Amino acid sequence: MSTNMQQQADAVRQAAAKLWRSENGPLTHDLVQQPGKFGLGRLPAGKTPNATTQMVCGFCATGCSLNIHLRDGQAINLTPTVDYPVNSGMACPKGWESLSVLKSSGRGTTPLLRNGRGKLAPVSWPEAMAAFRDRLQETQARHGVESVAFLSTGQMPTEEMAFLGALAKFGMGMVHGDGNTRQCMASAVVAYKQAFGFDAPPYTYQDFEQSDVIVLIGSNLCIAHPIMWQRVLKNPHRPEIIVVDPRKTETAMAATEHLALRPKSDLALLYGLAHILIAEDWLDRKYIAAHTSGFDDFCAHVAEFTPQRVAEASGISAAQLHRIANIIHAGKRVSFWWTMGVNQSYEGVRTAQAIINLALMTGNIGRAGAGANSITGQCNAMGSRLFSNTTNLLGGRDFESAQDRGQVADILGIDAACIPDRPSWSYNEILEGILRDKIKGLWVVCTNTAHSWINQNTCRDILDRLDFLVVQDMYSNTETAQLADLYLPAAGWGEKDGTFINSERRVGVIKKVVRAPGQALADFSIFRLIAEYWGCGRMFADWTDPEAVFHKLKELSRGRPCDISGIADYQMLDQRGGIQWPYPEEGGADNDKNHTHRRLFEDGKFYHADGRARFIFETPRAMPEPPNKRYPYLLLTGRGAAAQWHTQTRTACSAVLRELAPQQAYVEIHPQDARREGLRPNQEAIVESQRGRIRAKVFVTPTVQEGQVFIPMHFEQTNQLTHAHFDPHSKQPSYKDCAVRVRRAESWDDV
Amino acid sequence: MTQNPSSALQSARNEFLDELLEGQQSLTAVTQFAQTYESNGSPAGAKYYRDLIPAAAPNSGEQYAFEVDLDACSGCKACVTACHALNGLEENELWRNVGQLVGGADEAAVVQHVTTACHHCVDPACLSGCPVEAYEKDPLTGIVRHLDDQCIGCQYCVLKCPYDVPVYSKSKGIVRKCDMCHDRLAAGEAPACVQACPNQAIRIRIVDQQTLVDESEASSFLPAAPDPAYTVPTTVYKSNRPLPQNALPADFFSVQRTHGHLPLVFMLVLTQMSVGAFLIEQIMYSYFSFFREELAASVRPLHLFAALGLGFLGLGASLFHLGRPQYAFRAVLGLRTSWLSREIVAFGIFAAASTAYVSLAFWPYFGLAAHDGRQTVLGAAASASGLLALFCSVMVYVDTRRPCWKFSQTSAKFLLTSLVLGLPIALLILIAGAALNGQALHSVMTDYGRLLCRVLLVVGAAKMVLEVSELLHLKGRQHTPQKRRALLLAGELGMITLRRFFFGFVGGVALPLVLLAEGGMRSGQYHPLFVGVATLLILVLLTIGELHERYLFFAASVAAKMPGVPAA
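So, how was this worked out
Residues numbered from 1 in each chain as written. Chains lettered and ligands numbered in written order. Predicted model: local features only at pLDDT ≥ 70, side-chain atom pairs only at ≥ 80, totals over all residues. Helix = DSSP H or I, 4+ residues; strand = E, 2+ residues; numbered from the N terminus. Buried ≥ 20, exposed ≤ 12 C-beta atoms within 10 Å, placed from the backbone. Contact = placed C-beta atoms within 7 Å. Domains from an automatic or database assignment. Nonpolar A, V, L, I, M, F, W, Y, C, P; charged D, E, K, R; others polar. pLDDT = per-residue confidence, 0-100. Pairing = 2+ DSSP bridges. Axes fitted to C-alpha atoms, helices over the stretch in contact; angles between N-to-C directions. Parallel < 35°, antiparallel > 145°, perpendicular 65-115°, else oblique. Left-handed = near helix turned anticlockwise from the far one by under 90°. Expected span 1.5 Å × (residues − 1). Arc of directions from axis to C-beta.

1. Observations regarding the overall build of chain B
Regarding its fold elements, chain B presents 19 helices and ten strands. With 568 residues in all, chain B has 50% of them scored as buried. Partitioning the intrachain contacts of chain B with sequence separation of at least 6 by distance along the chain shows that 75% fall at a separation of at least 24.

2. Regarding the domain arrangement of chain B
We note that the domain assignment places domain 1 (7-46), domain 2 (47-249) and domain 3 (262-555) within chain B. A C-alpha centroid distance of 42 Å is found between domain 1 of chain B and domain 2 of chain B.

3. Considerations on the domain arrangement of chain A
Interface size is commonly expressed as the accessible area that is lost once the parts come together. Residue and element names in this part refer to chain A. According to the domain assignment, chain A contains domain 1 (112-184 + 380-505 + 514-539), domain 2 (186-375) and domain 3 (633-744). Counting residues at the interface gives 23 residues for domain 2, matched by 23 residues for domain 3. Of all the elements in the fold, those that place two or more residues in the side of domain 2 that touches domain 3 are helix 6 (186-196), helix 8 (221-224), helix 16 (340-343) and helix 17 (348-361). Top contributing element to the side of domain 2 that touches domain 3 by residue count: helix 6, with four residues. The residue inventory of the side of domain 2 that touches domain 3, partitioned by class, reads twelve nonpolar, seven polar and four charged.

4. Concerning the interface of chain B and chain A
With 64 residues of chain B at the interface, the matching set in chain A holds 77 residues. Within the residue set of the side of chain B that touches chain A, elements represented by two or more residues are helix 1 (5-25), helix 2 (29-32), helix 4 (78-86), strand 3 (110-116) and helix 7 (182-186) of chain B. Looking at the side of chain B that touches chain A, the element that brings in the most residues is helix 1 of chain B, giving eight residues. Across the side of chain B that touches chain A, the residue classes tally to 32 nonpolar, 20 polar and twelve charged.

5. Some points on the confidence of the model for chain B
Residue and element names in this part refer to chain B. Of the residues in chain B, 95% reach a pLDDT of 70 or more, and the chain-wide mean stands at 91. By mean pLDDT, helix 11 (residues 289-295) is the weakest element of chain B at 72, and strand 1 (residues 62-69) is the strongest at 98. Among the prediction metrics, the complex's ipTM stands at 0.94, with pTM recorded as 0.93.

6. Structural notes on the sheet that holds strand 19 (residues 495-501) of chain A
Residues and elements named next belong to chain A. Strands sit in the order 19-20-22 across an open sheet of three strands; the sheet is antiparallel. Edge positions in the sheet fall to strand 19 and strand 22 (579-580), since each of these pairs with one other strand and no more. Of the pairings in the sheet, the one linking strand 19 to strand 20 (residues 506-512) comprises five bridges and is antiparallel in character. Each residue of the ladder has a partner; that of Thr499, found in strand 20, is Val509.

7. Here we look at the packing of helix 6 of chain A against helix 17 of chain A
Residue and element names in this part refer to chain A. Running from amino to carboxyl end, helix 6 crosses helix 17 at an angle of 50°, the nearest separation of the two axes being 8 Å. Judged by the inter-axis angle, helix 6 sits oblique to helix 17. Of the two elements, helix 6 crosses helix 17, and the hand of that crossing is right-handed. The residues of helix 17 that touch helix 6, namely those facing Ser187, Ala188, Val190, Ala191, Gln194 and Ala195, are Gly348, Val349, Ala352, Gln353 and Ile356. Here the residues of the contact of helix 6 with helix 17 are counted per class, giving seven nonpolar, four polar and no charged.

8. Some remarks on the packing of helix 15 (residues 407-437) of chain B against helix 19 (residues 528-555) of chain B
All names here are of chain B. For the pair helix 15 and helix 19, interaxial distance at closest approach is 10 Å and the crossing angle is 165°. Looking at the two axes, helix 15 sits roughly antiparallel to helix 19. In this structure, helix 15 crosses over helix 19, and the sense of that crossing is left-handed. From helix 15, Lys413, Thr417, Val420, Leu421, Pro424, Ile425, Leu427, Leu428, Ile431 and Ala435 reach across to helix 19, where they touch Pro528, Val531, Gly532, Thr535, Leu536, Ile538, Leu539, Leu542, Thr543, Glu546 and Phe553. Its residues assigned to classes, the contact of helix 15 with helix 19 shows 15 nonpolar, four polar and two charged.

9. Description of the environment of Thr28(A)
With respect to the element layout, Thr28(A) can be found in helix 2 (residues 26-29). A tally of 15 C-beta atoms within 10 Å means that Thr28(A) is categorised as partly exposed. Linking Thr28(A) and Leu102(A), residues 74 residues apart in sequence, is a C-alpha distance of 29 Å. The residues touching Thr28(A), leaving out its near neighbours within four places in the chain, are Glu23(A), Asp148(B) and Asp149(B).

10. Digging into helix 12 (residues 300-321) of chain B
All names here are of chain B. An ideal rise of 1.5 Å per residue puts 32 Å on 22 residues; helix 12 measures up with 32 Å between its terminal C-alpha atoms. Looking at helix 12, one finds that the buried residues are Arg300, His303, Leu304, Ala307, Leu308, Leu310, Gly311, Gly314, Ser318 and His321. In a view along the axis of helix 12, the buried residues occupy a sector of 150°, so they form one face of it. In helix 12, the exposed positions angled more than 90 degrees off the buried face are occupied by Leu319 and Phe320.

11. With respect to the environment of Glu343(B)
Mapped onto the secondary structure, Glu343(B) falls in helix 13 (residues 339-362). The exposure class assigned to Glu343(B) is buried, which follows from the 26 C-beta atoms found within 10 Å.

12. Concerning the environment of Gln150(B)
Within the secondary structure, Gln150(B) is located in the loop between strand 5 (144-146) and helix 6 (156-160). C-alpha separation for the pair Gln150(B) and Tyr327(B), spaced 177 residues apart in sequence, amounts to 8.5 Å. Look past the residues within four positions of Gln150(B) in its chain and what remains in contact with it is Arg21(A), Ser22(A), Glu23(A), Val132(B), Glu133(B) and Ala134(B).

13. Considerations on the sheet that holds strand 5 (residues 74-80) of chain A
All names here are of chain A. Sheet architecture is open: three strands sit in the order 3-4-5, paired in antiparallel fashion. A single partner strand is all that each edge strand has here, and the edge strands are strand 3 (51-56) and strand 5. Going from strand to strand, the sheet's axes swing by 30° on average, the running direction of each strand aside. Two strands pair when backbone bridges link them, and strand 3 and strand 4 (residues 65-71) are joined in this way by six bridges, in the antiparallel orientation. Across the sheet, residue Thr52 finds its bridge partner in strand 4, namely His69.

14. Regarding helix 6 of chain A
All names here are of chain A. Of all the eleven residues making up helix 6, ten are buried; the element is thus mostly covered by neighbouring parts of the structure. Those residues of helix 6 lying buried are Ala186, Ser187, Ala188, Val189, Val190, Ala191, Tyr192, Lys193, Ala195 and Phe196. Those residues of helix 6 that are buried lie in contact with helix 16, helix 17, strand 15 (371-374), helix 18 (381-387) and strand 23 (613-614). Gly197, located one to two residues past helix 6, shows a positive phi value of around 90°.

15. A look at unusual backbone geometry
All names here are of chain A. Here Trp581 and Pro582 are connected by a cis peptide whose omega angle stands at 0°. Relative to the helices and strands, Pro582 resides in the loop between strand 22 and helix 26 (589-593). A positive phi is found at Arg238, a non-glycine position, where the angle reads about 45°. The exposure class of Arg238 is exposed, given the 8 C-beta atoms found within 10 Å. You will see that Asp437, though not glycine, has its phi angle at about 65°, which is positive. Here Asp437 is to be found in the loop between helix 20 (427-435) and strand 16 (441-445).

16. Some points on the pairing of strand 24 (residues 633-638) of chain A
Residue and element names in this part refer to chain A. Across the six residues that make up strand 24, a large majority, six, are buried. Of the two faces of strand 24, the one holding Tyr633, Leu635 and Thr637 and the one holding Leu634, Leu636 and Gly638 are both buried throughout. Bridging between strand 24 and strand 29 (residues 738-744) involves three bridges; their strand directions are antiparallel. Bridging from a neighbouring strand, Tyr633 pairs with Val740 of strand 29. Bridging between strand 24 and strand 28 (residues 708-712) involves five bridges; their strand directions are parallel. Of the residues in strand 28, the one forming a bridge with Thr637 is Ile711.

As structure tokens, then:
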């Protein structure tokens, strides 16, 4: 037999053998990995990048950096950035899935205008812009310039927020505009402003690692801020972790002490702790004397908050209160942290200030591992607080101050007369304004009012009364966009440039690494287009790109507590791994040395004219709608799973995140209550308040207390139940206290 | 030329818009940020995971295993997304998931998140069940790897794995599963999940296999997880705060329907019908002279051909179940361990024997002499191999250890299906034969048909009693798998259950009773056509009923899984 024939025979045999057994083929290759290079480790062969770039995540205020894997400039994958001072190589599921939520059939690809038949139909940008201008100008002509308002967001880059605020108020003559940050941060803002003289969360995340006592109040860090929880677990000092929360959350479970207090007894409880600290003289009297004012009045105020009285109010025993006070006293570096459990309350400002008071009286501020620290919600809530031009004039200024208005006019090169001389109405006041026929046109940008606002049924009814509702969003399928008269398709995170400011005041960049779908435009470009059509294009002629605006923001911040004039440009932010404010140009060498982690008030100087922090307090009030005979349960709302974000507009677009989150609204109820109401696990239940009625699956768990039920806020129906009441100082909605009843769903129930 | 000022403005605006739209589509991050990122170099994240993977390879008798620190698992689920992103999985494909246990009371309430992936078992059920040897347990690392190109997409491993690990991809036609990032470990890198856990709750450690086998007897794996003694999972769940006694999976009280597997429904029902037809045929022609003598020449080939055809139809249906049917022949590879292989081979033998048997019956048509001796032998062979194949079918499901697929229940169901469907075929043949041979229908019916009807009545009723008995579990206090099945049958799948009993009752009870009615058949009041149509109806309704029953067999089979993990 010739060799040729032998070879052929071998080939046939091999082919036959392969038919029989195939360990290597296209399906196997599909998962083969290659070294990813760029310090990335191994990656699927089909997903190896030829460049990488880093940017800040666009979900929450933790502000993790994500390392975007690029192929020919286009993002194909991402991993958390390894050497970033915030997240050190980790991200939560939302961060990991940031790119996949951009691809969705819900994305808007063209402007939509409600036509004669009441349907939203595609129109061109020029048509959309003409409609925007004509309808809103007509409204202003008929009802006055103030009759058009805007709702902004904590999810856009600072440059876009500033543009929106400036365009609406200086260019279009609006007076009223507010942001969805009202729903999450307003109480912290007012608390800080009143206590410190400026809205200034003083901490750096390193404090999580340096404390020996960590007090978390109304914060489920494990679920809401998983990467901050990572920092807690990295703490080498075996810290005491005290969690104050009515529910036994994941965080409470990991705590060394859990104070499962009665809802809305937090203010009394904090005053009770102050009472014990004072009674035992566990104070830093030197600090109090040197850096604070109002302590004596505060002492008098808390005198009546005896452990017995507080125990009655909160359900926390006097002994446990004493133990907690002792832990705070014994701690050398005690940090206090709070989130929505405090802010979203009808007395959120005073509660936050009660926390600040504890830090001040024990000297736990301005030091490593200490502080009274508000953890922010949205990725750029902090940017919004300084530059959204809603409640405050740009740069944390005051609309009512002629001097401040003059400064802003000078910096921006505009006529000071364009600047309104009074602050905006808050979110709830704008909605009430619609009811009172004062507001007839509304421009909602990058938020989902019809889902997230408290007492939803009324809210939707209010939006229906508008003459013209414009919704500008990445997604055309949000509950609010569905109500719009005009929808403008926006590019989102990953499709545009700009900066965010995270919870610890760190400014970070976002970049354009994905092409926006269809005709969607960056909000920045939409604002430029609107300025052009509105007729105020010249005022914004040099607002050409986000970085140009960033330089304006630097000027607006110069000399103020939030001074960022020392940041040269985006490039510098990119190279430094973000920079915390303040970063004044004059700081020079000191800036560079300390740029990675900095905290405020290390010199004991606060922003009030006298340099002192204030003790501020008020008598606690009862909740307006406590459980009663007809509605015997108290409804708590809050975060559900780490894979869900707010109204799920984005997170529902990722198949993976959908898998990781409950598909259906559910209500957590205590086993005793479930028994009393004849509810079996997994049954359908009807939860009813005076305002609405929803269907939810029963989840029986002892993690909620008797007499309380919990429903995550991510489900659209939840806010049909909530009761619209607000903190009088911050106007923040109190989402976590309303009375409901729960019963088994019957087949004839129509919800 | 002078331009209209407004049109000049409009065109300037259009230009501006075009500029913005164009700018939106240009990606500038790379050029804008001139920072040079090192294009080579070792993984920068290694410093975080270096201590989380073993420094050396396992010794003999040892293997790699996941170790999960439950105290550190806060339920953020970053591990799941990292696994998805770093392994390049399909959009809906998850190799890792996070379950939840809930328990305790008031002060000591506990919610425990449990991250879980493949447990790389010491005795993997996926591997032993695979008919094509598409699984291998790596001799060095102990990692249970799936050989994607060897897979035929039969999904038997999905049924076999008590932890619901293998994931079937419809588009690829195969299953895939966690390989512990085998390639990464080989290169000294940590698996994706280990890399991504913010709390370092997952690590890779080396475990001693014999120790795990010994410990599996004590069921110390994880509360509420399937019994580890079956496959000896290697994942180590550790915690300093023991879970409360009353800890239950968060989804304990929810019931999830399982996959209906329509091709398998048809395959099982049709092959069992075929086996039943052959069996009945054997009995009829062996014991009833009418069949042997008068019908043999006319309708026997028809009878046999129908039986054979049904069998082939069933086997054909099974191909639709496979993701990659072109490689179905590989299924003989797993004969040593896999009941699925055995089933396939047994059906092969059955197909051969019954084809030969049926062919022989056609010999007289071609002028060849009928060969009684061979007929008898081949007939017996066809029936015997059919029964063997049916037994293998039973074992395929019994071997998954699903509590609703116990041997007694499954074998009774499958065998009764054979009879319930084999009998009306015989009845139909009897009527057809009578018509062809010019016999008076009522005498044939009186002599033989009534007997067949009676037997059918008993068998049909017995089967439905058996199935109704499953619903008795509804009254059980405990939430056993059997009760879950009953809840599904009565709840989510209620309409199908109702239809199943309707068809079963009309076809298996009501119509046979009509045929048996005094004064109907015996007195010859029934028109022969009526009897024929009624019999045909019996066959059709019963077949539809059995298809429903078999769908419910799958759809309410209640699979085992890790506690609180959403079913795939």
